[in-house]
Amino acid sequence: MPENSTPETATTVEHVLVVPTMLFREVGYFEGFCGEPDRYLSILLDPAHTSYLPRDAVEEDPSYKQLIPYCIFRHEGQVFYYQRGTGSGEGRLRKKRSVGIGGHISRDDHSENGSAYHDGMQRELDEEVIIETPYTERCVGLINDDQTEVGRVHLGIVHVFDLEEPKVRPREESIIETGFAPPAQLAQDRAAFETWSQICLDHLFRSR
């Protein structure tokens, strides 16, 4: 180690919120979308079951599921969409289209007085988009996709934001080609979307 270096100068390792995959299977394994969030979240978000592990390690370890809020914006039946640019943090999803905003919950989001999960979700929203309209929000389900490399190590928690006006714009440079469109129109280009978005289009936004 060089003379002037100290442990504090080393690159900070991000620690992210995870649960054991076995716990998820014990609560009730599913593939695709499950519209029963209450059945899972009281257990999966219980601090007795969660931990924060180095992200670079768990990205390749399917014995853990990283818990990811996946936020969908909707206005009068139309859904916000975008494309992930080349600077997107998750390299395996670059250039894919998406209807979800969100990301990892970090150990830095941990709060003694609040919910690390909800604080982390709000941080992700603040980092990635600017919402310029009132809205209501609710958790509508979970996504599990063990058929892809990314999906095997993540578990999506889907939140729908119903907006008074279609006013969402990107703050993050990697969010490009944005807009609002009917789900049926987006589904016509289904193959261009990341898998989680395909699952949401299939299960959440079918024609009523």
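For the structure, see preceding data.
Everything in this summary refers to the structure shown in the same document.

Conventions adopted
Residues numbered from 1 in each chain as written. Predicted model: local features only at pLDDT ≥ 70, side-chain atom pairs only at ≥ 80, totals over all residues. Heavy atoms only, no water. Axes fitted to C-alpha atoms, helices over the stretch in contact; angles between N-to-C directions. Helix = DSSP H or I, 4+ residues; strand = E, 2+ residues; numbered from the N terminus. Left-handed = near helix turned anticlockwise from the far one by under 90°. Contact = heavy atoms within 4.5 Å. Nonpolar A, V, L, I, M, F, W, Y, C, P; charged D, E, K, R; others polar. Buried < 20%, exposed > 50% of the residue type's maximum accessible area, 1.4 Å probe, protein only. Core = buried A, V, L, I, M, F, W, Y, C linked by side-chain atoms within 4.5 Å. Polar contact = N/O pair within 3.5 Å; in protein donor to acceptor, adjacent residues only side chain to side chain. Arc of directions from axis to C-beta. Phe/Tyr/Trp six-rings, centres within 6.5 Å; stacked < 30°, edge-to-face > 60°. Pairing = 2+ DSSP bridges.

1. A closer look at the packing of helix H1 (residues 21-28) against helix H2 (residues 37-44)
Link 1 in the chain: At their nearest, the axes of H1 and H2 sit 10 Å apart, and the two run at 145 degrees to each other. In this structure, H1 crosses over H2, and the sense of that crossing is right-handed. Taking contact as the criterion, the partners of Leu23, Phe24, Val27 and Gly28 in H1 are, on H2, Arg39, Tyr40, Ile43 and Leu44.
Link 2 in the chain: Among the residues forming the contact of H1 with H2, the class breakdown is six nonpolar, one polar and one charged.

2. A word on helix H6 (residues 195-203)
Link 1 in the chain: Within H6, burial applies to Trp196, Ser197, Gln198, Ile199, Cys200 and Leu201.
Link 2 in the chain: If you follow the buried residues of H6, they end up packed against strand S2 (32-34), strand S4 (64-75), strand S6 (97-98), strand S8 (135-144), strand S9 (154-163) and helix H5 (183-187).

3. Concerning the nonpolar core
Link 1 in the chain: Counting residues in each nonpolar core, the largest one holds 20 residues, and the members touching the most others are Ile72, Val99, Ile143, Val158, Leu186, Cys200 and Leu204.
Link 2 in the chain: Residue assignment for this core shows that the elements contributing at least two residues are S4, strand S5 (78-84), S8, S9 and H6.
Link 3 in the chain: Among the elements that make up this core, the one with the highest residue count is H6 (four residues).
Link 4 in the chain: Among the nonpolar cores identified, the runner-up in size contains 16 residues, and Leu17, Leu23, Phe24 and Leu67 belong to it.

4. Structural notes on the side chain of Gln66
Link 1 in the chain: Of note, Gln66 is situated in strand S4.
Link 2 in the chain: A distance of 3.4 Å separates a polar atom in the side chain of Gln66 from a polar atom in the side chain of His154.
Link 3 in the chain: Filtering out sequence-adjacent residues up to four positions away, Gln66 remains in contact with Val16, Leu17, Val18, Arg55, Val58, Glu59, His104, Val153, His154 and Leu155.

5. Overview of H2
Link 1 in the chain: Those residues of H2 that sit buried are Pro37, Tyr40, Leu41 and Leu44. Down the axis of H2, the sector holding all buried residues measures 95 degrees, keeping them to one side. In H2, those exposed residues whose orientation departs by more than 90 degrees from the buried face are Asp38 and Ser42.
Link 2 in the chain: Elements in contact with the buried residues of H2: strand S1 (15-20), H1, S2, S4, S8 and S9.

6. Describing the packing of aromatic side chains
Link 1 in the chain: Inspection of the entire model under this criterion finds ten aromatic pairs.
Link 2 in the chain: Look at Phe24 and Phe30: their rings are 5.5 Å apart centre to centre, the planes differ by 80 degrees, and that puts the pair in the edge-to-face class. Like Phe24, the residue Phe30 is buried in the burial classification.

7. Quick look at the pairing of S5
Link 1 in the chain: Counting buried residues along S5, six of its seven residues qualify, which places the element largely inside the surrounding structure.
Link 2 in the chain: What sits between the antiparallel neighbours S4 and S5 is a turn of two residues, in which Glu76 has the positive phi angle 45 degrees.
Link 3 in the chain: Bridge count for S5 against strand S11 (residues 175-181) is five bridges, and the pairing is antiparallel. Of the residues in S11, the one forming a bridge with Phe80 is Phe180.
Link 4 in the chain: Where S5 meets S6, two bridges bridge the pair, whose relative direction is antiparallel. Bridge pairing in S6 places Tyr82 opposite Ser98.

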